[in-house]
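Below, each chain spelled out in residue letters.
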Amino acid sequence: MSSIIIASFIKSFLVILFLGLLIYLTLFTENLVTKILSKNYGTQIRLNPFYSLIKLFTKRESLPDYAASPLFFRAIPFLNCFFALIPVAVIPWCEPFLIYGVPHNSEVFGNGQGTLLFFALSSLAILTVLWSGWLAQKNVTILSSMRAAYREISCKIPLLMIVFSMILFYRSSDLNQIILLQDRTQWGIIQQPLAALIFFVALLAEIGKAPFDTAENYYELNGGYLSEYGGSQTFFLILAEYVNLVVFSIIFIHLFLGGYHILPGLEWIVVKVPGILFSLQTTSLIIKVLILVALYTILKLAIPRYRHEDLMAFGQKGLLPLSFLNLLVVIAGQYYRTFGSLF
């Protein structure tokens, strides 16, 4: 029992360090790609991407007198960040490793249902959106929170449909097993290209990246459901956005890009240097995440932003039927693979 508790603390510490490194590199990559593509080099490329967040953290917080619950109002940014961090516990970062001679999975909490648990836990963030708008007790914040929650739901449903189709395709909801199957055959993006495309587009809308960054309209106009928050409260809200960006990118990688397995062509390093597999797997995962972040930034600079109603219509009339069609095709394929005939 004590060894399990110690192993959980060790894995939690490693996961927090790894996630912090990924967020730092994500901010740096986004800043670097933006400066390169916009040709705005200035005197130098900023080496501290946390500069803007640190500046926010030092500013004064706001607490309106008309807030429904001052204590709950102050807690919302922390709850938002907490709900963004909870799904990290079910994500594997590398192959199982030994702690005191006992093999342990890299995820902090693993019971073989990592994919379903991830989306169940990540859905809790919708509650903070609704709470933050209601607590401010203003018409604009309440309406903005309802619109934002509806936008997230309209994007979450196609994501879940694709996840169900991938679970049926791989016949497992265990992320480690899904990654292992891709390593033995082909990456999911090759086997299920339509599912990968739908998931990627819905992912952009879910994490609020261009051309579906409708939340940016709130920041540019009146702040939307976050208009009454400032200072360190905004720091935690923005930090939660980057945690979501990194975590959902890792889920996409696990389902469609081979997960944490090393990049093709590097197998000879493992043969010549025993014990380096852990470092290569985490490095491969970091590289894949940064490639996705660079792609997000390129799309942000290249594609005009959708309007809010257009985004919801696109999710309900475009992504949802396509994801349902993909699910039906996967069900038919699995039925044919099992029974040898569709009829």
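All of these numbers come straight from a predicted model, not from anything done at the bench. (Residues numbered from 1 in each chain as written. Predicted model: local features only at pLDDT ≥ 70, side-chain atom pairs only at ≥ 80, totals over all residues. Heavy atoms only, no water.)

1. Details of the nonpolar core
- The biggest cluster of nonpolar side chains holds 59 residues, and the ones touching the most others in it are Trp93, Phe199 and Phe256.
- With 16 residues, helix H11 (residues 232–256) is the largest single contributor of residues to this core.
- The residues touching Phe256, leaving out its near neighbours within four places in the chain, are Ile162, Met166, Gln182, Trp187, Gly188, Ile189, Gln192, Ala195, Ala196 and Phe199. (Core = buried A, V, L, I, M, F, W, Y, C linked by side-chain atoms within 4.5 Å. Buried < 20%, exposed > 50% of the residue type's maximum accessible area, 1.4 Å probe, protein only. Helix = DSSP H or I, 4+ residues; strand = E, 2+ residues; numbered from the N terminus. Contact = heavy atoms within 4.5 Å.)

2. Looking at the packing of helix H6 (residues 139–170) against H11
- Two elements in contact, H6 and H11, have axes separated by 11 Å at closest approach and are oriented at 30°. Overall, the two elements H6 and H11 adopt an arrangement that is roughly parallel. Helix-helix and strand crossings are classified by hand; for H6 and H11 the assignment is left-handed. Residues Lys156, Ile162, Val163, Met166 and Tyr170 of H6 pack against Phe248, Leu255 and Phe256 of H11. (Axes fitted to C-alpha atoms, helices over the stretch in contact; angles between N-to-C directions. Parallel < 35°, antiparallel > 145°, perpendicular 65-115°, else oblique. Left-handed = near helix turned anticlockwise from the far one by under 90°.)

3. A few points about the environment of Trp187
- With respect to the secondary-structure elements, Trp187 resides in the loop between helix H7 (175–184) and helix H8 (188–191).
- Spatially, the C-alpha atom of Trp187 lies 8.2 Å from that of Leu255, the residues being 68 residues apart in sequence.

4. Some words on the packing of helix H3 (residues 70–85) against helix H5 (residues 125–135)
- Viewed as axis vectors pointing N to C, H3 and H5 meet at an angle of 160°, and their least axial separation amounts to 9 Å. Here H5 runs roughly antiparallel to H3, going by the angle between their axes. Two packed elements cross with a definite hand, and for H3 against H5 that hand is left-handed. Together, Phe72, Phe73, Ile76, Leu79, Asn80 and Phe83 of H3 and Ala125, Thr128, Trp131, Ser132 and Leu135 of H5 make up the contact between the two elements.
- Looking at the contact of H3 with H5 residue by residue, the classes come out as eight nonpolar, three polar and no charged. (Nonpolar A, V, L, I, M, F, W, Y, C, P; charged D, E, K, R; others polar.)

5. Observations concerning H11
- With 25 residues, H11 extends 36 Å between its outermost C-alpha atoms, agreeing within 8% with the 36 Å of an ideal straight helix rising 1.5 Å per residue.
- Gly258 lies just past H11 and shows a positive phi near 80°. (Expected span 1.5 Å × (residues − 1).)

6. Considerations on the side chain of His261
- Mapped onto the elements, His261 comes out in the loop between H11 and helix H12 (267–272).
- When neighbours within four sequence positions are excluded, His261 is seen to be in contact with Glu95, Ile179, Leu180, Asp183, Gln281, Ser284 and Lys288.

7. A few points about the packing of aromatic side chains
- In this structure the tally under the stated criterion is 14 aromatic pairs.
- Centroid distance Phe118 to Phe119: 5.1 Å. Interplanar angle 90°. Geometry classified as edge-to-face.
- Overall, the relative accessible area of 3% leaves Phe119 in the buried class.
- Look at Phe119 and Phe199: their rings are 6.5 Å apart centre to centre, the planes differ by 90°, and that puts the pair in the edge-to-face class. Of this pair, Phe119 sits in helix H4 (residues 114–122) while Phe199 sits in helix H9 (residues 193–206), placing them 80 residues apart in sequence. (Phe/Tyr/Trp six-rings, centres within 6.5 Å; stacked < 30°, edge-to-face > 60°.)

8. What to know about the confidence of the model for the protein
- Averaged over every residue, the pLDDT of the protein is 79; residues scoring 70 or more account for 82%.
- Element-level mean pLDDT values for the protein span from 54 in helix H10 (residues 215–221) up to 90 in H8. (pLDDT = per-residue confidence, 0-100.)

9. Section: the side chain of Ser249
- Turning to its location among the elements, Ser249 is positioned in helix H11.
- With relative accessibility at 0%, the residue Ser249 sits in the buried group.
- Contacts of Ser249, omitting those with residues within four sequence positions, involve Leu292 and Tyr296.

10. Re a nonpolar patch on the surface
- Where nonpolar side chains cluster on the molecular surface, the patch consists of Ile6, Ile10, Phe13, Leu14 and Leu17 and spans about 440 Å² of accessible area.
- Summarising the element assignment, Ile10 is placed in helix H1 (residues 2–38).
- Overall, the relative accessible area of 32% leaves Ile10 in the partly exposed class. (Patch = residues over 30% accessible without salt bridge, like charges linked within 9 Å, V, L, I, M, F, W, Y side chains within 5 Å. Areas by Shrake-Rupley, 256 points an atom, 1.4 Å probe, with all protein chains shown as cover. Salt bridge = Lys/Arg side-chain N within 4 Å of Asp/Glu carboxyl O.)

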